[in-house]
Amino acid sequence: MNNLNSNIIAVDGPSASGKGTLSRNLAAALGFAHMDTGALYRAVGYEVLQAGANPENESDAIAGVQSLKSKLTQSNVLSNPDLRLDETGVAASKVAVIQSVRDALTNLQRDFAKAPPAGAKGAILDGRDIGTVICPDAPLKLFVTANEEVRAKRRTKELQSKGLDATYKAVLEDMRARDARDTARKAAPLRPAGDAVVIDSSDLDEAEMLELALGYAKKALAVS
Ligand code: CDP
């Protein structure tokens, strides 16, 4: 295929680090298309839970991938608010450990990066392994992090603002377990790519993060 997009920004980091917000803001500022790859894993976890199956079991998880893929074209399955629930995040991090699940989602992500929707000037993908596995040639890789307390506070506030019954303690516990699973797994563990720029968002607000990242984007990519 000709004219493959190479204006790609890979954004990785642990849960509630601010990578999703930063990615959406960057996409809007640059006219890029954005893919929240965590939503794919969340949607697989959700399908498995809905089926009453076990997210740690490979054949159950693969059945979840198939079920998701059959729905992807016809509906806004990735914008289901239940995907944001903490329990869906936990199920997502369980299916995400399984290599065959990751493999089944790889092309969806790479195709988006190489051929973003018409009109987009580039693609930005956020997740855990975008810079290391999905788009290792991306000209700009950001690794967004923040201290655990800040991240747990942010996630608690986000869930509560949606009317969900979240406590700081429970969110912190789930987040620790999820981060440990994401970092320790054999398949595409969470880590910064060797050439990633690390952004610690603990003391930065949304606008400051965007400004910083836009500076990197203007140096690394064909954007104005
Ligand atoms: O929103 P938050 O940062 O808490 O999580 P997310 O990005 O929605 O991802 C949910 C889970 O999916 C993560 O804990 C990972 O286990 C998994 N995931 C992954 O393994 N690889 C990705 N590229 C994206 C998410």
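Every value quoted in this text rests on a predicted model; they were computed, and no experiment measured them. (Residues numbered from 1 in each chain as written. Predicted model: local features only at pLDDT ≥ 70, side-chain atom pairs only at ≥ 80, totals over all residues. Heavy atoms only, no water.)

1. A few points about the overall build of the protein chain
Short version of the rule: Secondary structure follows DSSP: runs of H or I at least 4 residues long count as helices, runs of E at least 2 residues long count as strands, and numbering of each begins at the N terminus. Here the radius of gyration uses the C-alpha set of atoms, whereas the globule reference equals 2.2 Å times the residue count to the power 0.38. The contact rule is simple, with two residues in contact once any of their heavy atoms fall within 4.5 Å. In this charge count, Lys and Arg are treated as positive and Asp and Glu as negative; neither His nor the chain ends contribute. Charged side chains are reduced to one point each, which is NZ for Lys, CZ for Arg, CG for Asp and CD for Glu.
Looking only at helices and strands, one finds 9 helices and 5 strands in the protein chain. Along the protein chain, from the amino end to the carboxyl end, the secondary structure elements read β-α-β-α-α-α-α-β-α-β-α-α-β-α. Since a compact globule built from 224 residues should have a radius of gyration of about 17 Å, the 17 Å found for the protein chain is in line with a globular shape. Considering only C-alpha atoms, the protein chain reaches an extent of 50 × 45 × 30 Å along its principal axes. Within the protein chain, contacts between residues at least 6 apart in sequence are counted, and of these 79% link residues at least 24 apart. Averaged over its 28 positive side-chain charges, the protein chain has a centre that lies 2 Å from the centre of its 29 negative ones.

2. A look at the sheet that holds strand β2 (residues 33-36)
Going by this rule: Strands were regarded as paired on the criterion that DSSP finds at least two bridges between them. Axis geometry follows a simple rule: fit a line to the C-alpha atoms, using only the stretch in contact for helices, then measure angles between N-to-C directions, giving values from 0 to 180 degrees.
If you trace the 5 strands from one edge of the open sheet to the other, you get β2-β3-β1-β4-β5, paired in parallel fashion. Looking at which strands have only one partner, the edges of the open sheet turn out to be β2 and β5 (197-200). Averaged over all neighbouring strand pairs, the angle between strand axes comes to 20 degrees, with direction disregarded. Sheet analysis places strand β4 (residues 140-145) next to β5, joined by 4 bridges and oriented parallel. Within β5, the residue paired with Val 144 across the bridge is Ile 199. Its contacts with the sheet put helix α5 (residues 99-114) on β1 (8-12), β2 and β3 (123-127), and the angle it makes with β3 is roughly 150 degrees.

3. Remarks on the environment of Asn 54
Which entries qualify depends on this criterion: Counting of polar contacts relies on pairs of N or O atoms within 3.5 Å, with two restrictions inside protein: one atom must be capable of donating a hydrogen and the other of accepting it, and residues adjacent in sequence are counted only when both atoms are side-chain atoms.
One can find Asn 54 in the loop between α2 (37-50) and α3 (58-72). Each C-alpha atom, one on Asn 54 and one on Val 95, is 9.1 Å from the other, the two residues being 41 residues apart in sequence. Aside from chain neighbours lying at most four places away, what touches Asn 54 is Val 48 and Asp 60. Side-chain polar atoms of Asn 54 contact the backbone nitrogen of Glu 56, separated by 2.9 Å.

4. Considerations on the pattern of salt bridges
Where charged atoms from two side chains of opposite charge come close, those side chains can pair. Selection criterion: When a carboxyl oxygen of Asp or Glu is within 4 Å of a side-chain nitrogen of Lys or Arg, the pair counts as a salt bridge. Any residue under 20% of the maximum accessible area for its type is buried, any over 50% is exposed, and the rest in between are partly exposed; the area is computed with a 1.4 Å probe on protein chains only.
All chains considered together, the criterion is met by 11 salt bridges. A salt bridge links Glu 158 to Arg 155, with the nearest nitrogen and oxygen atoms 3.1 Å apart. Of this pair, Glu 158 and Arg 155 both sit in helix α7 (residues 148-161), 3 residues apart, which is roughly one turn of that helix. On the basis of relative accessible area, Glu 158 is assigned to the partly exposed category, the value being 26%. Asp 182 is the salt-bridge partner of Arg 185, the closest N and O atoms lying 3.4 Å from each other. Note on Asp 182: relative accessible area 3%, which makes it buried.

5. Remarks on the site of the ligand
Rules: Here a residue is considered near a molecule or strand provided that any single heavy atom belonging to it is located within 4 Å of it. To be clear on the numbers: accessible area is Shrake-Rupley with a 1.4 Å probe, and residue cover counts the displayed protein chains and nothing else. By the convention adopted, Pro, Cys, Tyr, Trp, Phe, Met, Ile, Leu, Val and Ala count as nonpolar, Lys, Arg, Asp and Glu as charged, and the other residues, Gly among them, as polar.
The full set close to the ligand counts 19 residues, and Lys 19, Arg 42, Arg 102, Arg 178 and Asp 182 are the nearest of them. Residue Lys 19 places a side-chain N or O atom 2.6 Å away from an oxygen atom belonging to the ligand. Between an oxygen atom of the ligand and a side-chain N or O atom of Arg 42, the distance comes to 2.5 Å. Calculation on the ligand without its partners gives an accessible area of 530 Å², and the protein chains cover 98% of this total. Counting residues per element, the ones that place at least two in the shell around the ligand are α2, α4 (86-95) and α8 (168-184). The leading source of residues in the shell around the ligand is α2, at 4 residues. Residue composition of the shell around the ligand, grouped by class: 4 nonpolar, 5 polar and 10 charged.

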